[in-house]
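Structural features, examined
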Amino acid sequence: MNKNSLVLRGSAIAFGAALLASAGTAAMADDEQDSRTVDVDVEIEPLTGPGALAMTVESDTTALTEGGSTDLERVFTGTLPKVTVTDTRTPDDIPAGAFWYVMGTASDFHDEQGEHTIEASRLGWSPQLVEGEGEGEPFVEVGGDVAPSDPGLADQELLYLADSADANAGGGRFSAVADLKLLVPADVEAGSYSSTITLSLFE
């Protein structure tokens, strides 16, 4: 007997059992004498302990699309997924004078066959502070624009930073994105290329 036959037989047995159960339930429905309810309660205590400084990224992938290319170079643009830093520490647990900051660096682009490479220096970004409590406060700053030319994102570049104590007092949650731009020569080899941007949170 093959595997499909076993699956079909198991389904038939389960279906027959379900019919019997339904019949039994219908027969017993008129005999119910009483019913009761049970309330479910939970008490969630306030967070205790030191809390944490953590980073999340909205998505682990993004895509660049072509636009604005010329006869001399091809231009591809996209957006870095939203990067959020959250600080749940108590003020007493934040080091005096500390700053947290997020840095990003990209690897070279490689095609699927591993035959062709586009240097990470050809990828740049323009960071922007977006939604989050305390948005636009002076203690949170974005990094400068990084042009898609040497060194581009081949080196670690600043996405954004904040004074740890002031940012914590200002809501403790801030998000940033970045416009991405890739510039390559017009005669670049065609293909599907991939790179990885590594984002790191420091304090």
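Read on for a plain summary of the structure. Predicted, not measured: the structure shown is a model, and the values here were computed from it. (Residues numbered from 1 in each chain as written. Predicted model: local features only at pLDDT ≥ 70, side-chain atom pairs only at ≥ 80, totals over all residues. Heavy atoms only, no water.)

**A short note on the side chain of Lys-82**
Our working rule: Helix numbers and strand numbers start at the N terminus; a helix is a DSSP run of H or I with at least 4 residues, a strand a run of E with at least 2. Relative accessible area decides the class of each residue, using a 1.4 Å probe on protein chains only: under 20% of the type maximum gives buried, over 50% gives exposed, and in between gives partly exposed.
For Lys-82, the location among the structural elements is in strand β3 (residues 73-87). Classification of Lys-82 by relative accessible area gives buried; the value is 14%.

**Structural notes on the pairing of strand β10 (residues 173-185)**
To be explicit about the condition: When DSSP finds two or more bridges between two strands, those strands count as paired.
Sheet topology note: the β3/β10 ladder contains twelve bridges and is antiparallel. What sits directly across from Glu-73, in β10, is Pro-185. The pairing of strand β7 (residues 123-129) with β10 spans seven bridges and is antiparallel. Across the sheet, the residue bridging to Leu-129 is Ala-176, located in β10.

**Observations concerning the pattern of salt bridges**
The test is simple: By convention in these notes, a salt bridge is any Lys or Arg side-chain nitrogen within 4 Å of a carboxyl oxygen on Asp or Glu.
Applying the stated rule across the entire model yields five salt bridges. With a shortest N-O distance of 2.8 Å, Arg-89 and Asp-87 are connected by a salt bridge. Assessed through its relative accessible area of 11%, Arg-89 is described here as buried. The class for Asp-87 is buried, based on a relative accessible area of 7%. Among the ionic pairs, Glu-203 bridges to Arg-89, the shortest N-O distance being 2.8 Å. With Glu-203 in the segment after β12 (197-202) and Arg-89 in the loop between β3 and β4 (99-106), this pair connects stretches of sequence that are 114 residues apart. Salt bridges sharing common partners tie together Asp-87, Arg-89 and Glu-203.

**Describing the packing of aromatic side chains**
Note the cut-off: Any pair of Phe, Tyr and Trp rings, taking the six-membered ring for Trp, is counted once the centres come within 6.5 Å. Such a pair is stacked with planes under 30 degrees apart, edge-to-face with planes over 60 apart, and tilted for the rest.
Counted under the stated rule, the structure contains three aromatic pairs. Geometrically, the ring pair formed by Trp-100 and Tyr-160 is edge-to-face, given 5.3 Å between the ring centres and 80° between the ring planes. Of this pair, Trp-100 sits in strand β4 while Tyr-160 sits in strand β9 (residues 157-163), placing them 60 residues apart in sequence. One exposure class covers both Trp-100 and Tyr-160, and it is buried. On the numbers, 6.1 Å between centres and 85° between planes, the contact of Phe-139 with Phe-174 is edge-to-face. Placement of Phe-139 in the loop between β7 and β8 (140-142) and of Phe-174 in strand β10 is noted, with a sequence separation of 35 residues between them.

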